[in-house]
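Secondary and tertiary structure notes
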Amino acid sequence: MSRKSNGTRENWGSQLGVILAVSGSAVGLGNFLRFPGQVANNGGGAFMIPYVVSLLIVAIPMATAEWALGRFGGRCGFHSPVGIYYSAGGRKALWGALGALTTVAPFIIGMYYVFIEAWCLIYALQYLGGVLAPLGLRFSLFQGVDAGLFFEDAAGYENFFGATVGIAKDGALFTQAASTTLLATLACVWINFRLTYRGVSRGIEWFCKMASPLILVCAIAVIIRVITLDNPSGIPGRSFLDGLGFMWNPSRNVLNESGEVVDRINVWTTLCDPGVWLAATSQIFFSISICLGAVCTYASYIQPRGDVALSSLASTATNELCEVAFGGLMSIPAAIMFLGPVAAGGFASSFALGFVVLPNVFGLMPLGQFWGFLFFFLLFLAAITSSISMLQPMVALFQETLSLTRERSALLSSGLNMLGTGVVCWFTFNLGALDVFDFWVANFLPLVAAILQTILICFVWGSTSLRSELALGARIKPPYFVVNILKFVSFPYMLLVVLFWGWRNMGSRVQEVVDSRVAQASLAFIGLSLVLTLALAIVLSKRRQKTPDENNETASPEP
Ligand code: PFF
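A brief report on the enclosed structure follows. As the structure is a computational prediction, the values presented were derived from the model and not from experiment.

What about the packing of helix H7 (residues 179–198) against helix H15 (residues 368–402)?
Two elements in contact, H7 and H15, have axes separated by 9 Å at closest approach and are oriented at 55 degrees. With respect to each other, H7 and H15 are oriented oblique. H15 is crossed by H7, and the crossing has right-handed handedness. Contacts from Cys188, Ile191, Asn192, Leu195 and Thr196 of H7 reach H15 at Phe380, Ile384, Ser387, Ile388, Leu391, Gln392 and Val395.

Shown next as structure tokens:
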């Protein structure tokens, strides 16, 4: 059983604490960077159709069921996805192995996530130091740094980003000139380590309680700034509403620099692309952190009679508010207003949008230094509350399999995590390793894990267990229909998306791996991590003895 180092079982301090921690896990770079980038790259408003479909028919029922699954595992004395799935799967090693998949996935995502977290830290500090913004406060915190070191042209920001992430060649960051990025990455690894080391309540919950209001205040301030901007250039097609139109219209016109219509993107063309459906469904999983181990691990630390359905709905709603309302209003409308639809249409990736296009926008904004700082500081805080949740499943697994104290497990997990971050930091040419990790682990794997998790919940653990678990401690009427939705709607829907995508796109993805040595090395690393986690899963199922809690595994509904 997972215990504090002094031998008592770990729990969240309060119901609000767990909701903030799970919301903190959900609200992150995925909301403010990945989501607008995905929308821009996948047909604008048309992307929102599969997105909303996935939210309603997969994410909400799955999140509720995963919370119930997690709390059940916690009552059986397990906190890692391996242990939780193992107990719900009738103590069959096979289901422990599925848990290995959802333990290793967030762990690997965490390896590149801290790297991006470090970019946010660097950008926030550079704004504070007066390096990145041409207008505004014009003061510098750093001695010797002239407040006028900002860039006069768009290419300056692109070069700054390239140098920060070492995009020119593999190993570029491992030189003295570029060591700032590595130092910032180490600082982020250290912060994550310290918070997981302090434990669920004293580390994770404490930090999320402090950071959540700050994130909210920064986000609202940036939104108000964007909404109240007038069309700065006066060129047609560059108002706030045009920005919203780019983001939300299912079919949209393609405009040139002077605002004339040159083409039209049709909603049906977008909807017939299986890649768009996969991207939308994966975005939902990534964003709410479901089927990625984090939610069920966090839920396993709630009190045996803590509410499940209410907490799940509260954290999903918070995430959607931050993603659709905040993430959707911030970046793209601002970019359209300042740079125009041509630049906006050319967002090559979420990174280009966040780290090149937006600094350009802040560069043109009055008080750009202040807004730039606020935006990247917000990203940095939101990233930390997410990345700690990626480590925790592995920390719990080490505690359960190797009987390590929480402190030692945190040290071991952070050390291994740093190894993977090292791989990502080395293969930086065109962000090769990061892209491979992101596609296979954050896009493709969650959908496969979700299908397997649905089988576990609906057909192995069973509807009756799920219903009783939902009823236990329920403060709102438990949404029992989730069982039927999961079985008869979500499950076939996810199968369809994976098969449709596999049929149309798998060939080209596999070819990319065949052609690229970096992709092969990155996939080998992912494979190795999976094998190690599987080995731990086997150890857990072999070593696990019945504990007193397990005599009481099946929840009885509230009278
Ligand atoms: N939901 C986080 C975000 O939107 O940035 C990312 C994330 C957190 C993914 C936790 C996976 C995970 F286990």
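Here we look at the side chain of threonine 385
Its location among the elements puts threonine 385 in helix H15. According to the relative accessible area criterion, threonine 385 is buried, its value standing at 1%. Among the polar contacts made by the side chain of threonine 385, one reaches the main-chain carbonyl oxygen of glycine 24 at a distance of 2.9 Å. Apart from the residues lying within four places of it in its own chain, the contact partners of threonine 385 are Gly24, Ser25, Val27, Phe207, Cys208, Ala211 and Ile215.

A short note on the environment of leucine 69
Inspection of the secondary structure puts leucine 69 in helix H3 (residues 48–75). Judged by relative accessible area, which is 0%, leucine 69 ranks as buried. A C-alpha to C-alpha distance of 9.2 Å links leucine 69 and leucine 470, two positions 401 residues apart in sequence. Contact partners of leucine 69, with chain neighbours within four places excluded, come to Ile84, Tyr85, Ala88, Leu456, Ile457 and Trp461.

Regarding the nonpolar core
In this structure, Trp119 and Phe355 are the most contacted members of the largest nonpolar core, which totals 182 residues. The leading source of residues in this core is helix H5 (residues 93–128), at 23 residues. Discounting residues that sit within four places of it in the chain, tryptophan 119 has contacts with Phe161, Val165, Thr181, Phe351, Phe355, Leu431 and Leu434.

Examining the site of the ligand
Lining the immediate surroundings of the ligand are 16 residues, of which Ala26, Gly30, Tyr113, Phe286 and Ser287 lie closest. Here a nitrogen atom of the ligand sits 3.1 Å away from a polar atom, N or O, in the main chain of serine 25. Here a nitrogen atom of the ligand and a backbone polar atom of phenylalanine 286 are 2.7 Å apart. Relative to its unbound accessible surface of 340 Å², the ligand loses 100% to contact with the protein. Within the residue set of the shell around the ligand, elements represented by two or more residues are helix H1 (15–26), helix H2 (29–41), H5, helix H11 (274–288) and H15. Split into classes, the residues belonging to the shell around the ligand amount to 8 nonpolar, 8 polar and no charged.

Overview of the packing of aromatic side chains
Across all of its chains, the model carries 35 aromatic pairs by this definition. Ring centres of phenylalanine 78 and tyrosine 86 lie 6.1 Å apart, and the angle between their planes is 85 degrees; on these two criteria the pair is classed as edge-to-face. The burial state of phenylalanine 78 is the same as that of tyrosine 86; both residues are buried. Ring plane angle 85 degrees and centroid distance 5.4 Å describe the contact between tryptophan 119 and phenylalanine 161, whose orientation is recorded as edge-to-face. Note that tryptophan 119 is positioned in helix H5 and phenylalanine 161 in helix H6 (residues 154–165), a separation of 42 residues in sequence. The exposure class of tryptophan 119 is buried, given its relative accessible area of 0%. Judged by its relative accessible area of 6%, phenylalanine 161 falls in the buried class. Grouping aromatic residues by their ring pairs yields a cluster made of Phe115, Trp119, Tyr123, Tyr127, Phe160, Phe161, Phe351, Phe355, Phe362, Phe375 and Phe376. Above the face of the phenylalanine 286 ring, arginine 34 is positioned so that its terminal group lies 4.4 Å from the ring centre.

Scoring rules and cut-offs
Residues numbered from 1 in each chain as written. Predicted model: local features only at pLDDT ≥ 70, side-chain atom pairs only at ≥ 80, totals over all residues. Heavy atoms only, no water. Axes fitted to C-alpha atoms, helices over the stretch in contact; angles between N-to-C directions. Helix = DSSP H or I, 4+ residues; strand = E, 2+ residues; numbered from the N terminus. Parallel < 35°, antiparallel > 145°, perpendicular 65-115°, else oblique. Left-handed = near helix turned anticlockwise from the far one by under 90°. Contact = heavy atoms within 4.5 Å. Buried < 20%, exposed > 50% of the residue type's maximum accessible area, 1.4 Å probe, protein only. Polar contact = N/O pair within 3.5 Å; in protein donor to acceptor, adjacent residues only side chain to side chain. Core = buried A, V, L, I, M, F, W, Y, C linked by side-chain atoms within 4.5 Å. Near = heavy atom within 4 Å. Areas by Shrake-Rupley, 256 points an atom, 1.4 Å probe, with all protein chains shown as cover. Nonpolar A, V, L, I, M, F, W, Y, C, P; charged D, E, K, R; others polar. Phe/Tyr/Trp six-rings, centres within 6.5 Å; stacked < 30°, edge-to-face > 60°. Lys NZ or Arg CZ within 6 Å of the ring centre and 35° of its normal.

Interpretation note: all reported values are geometric properties and have no functional meaning in isolation.
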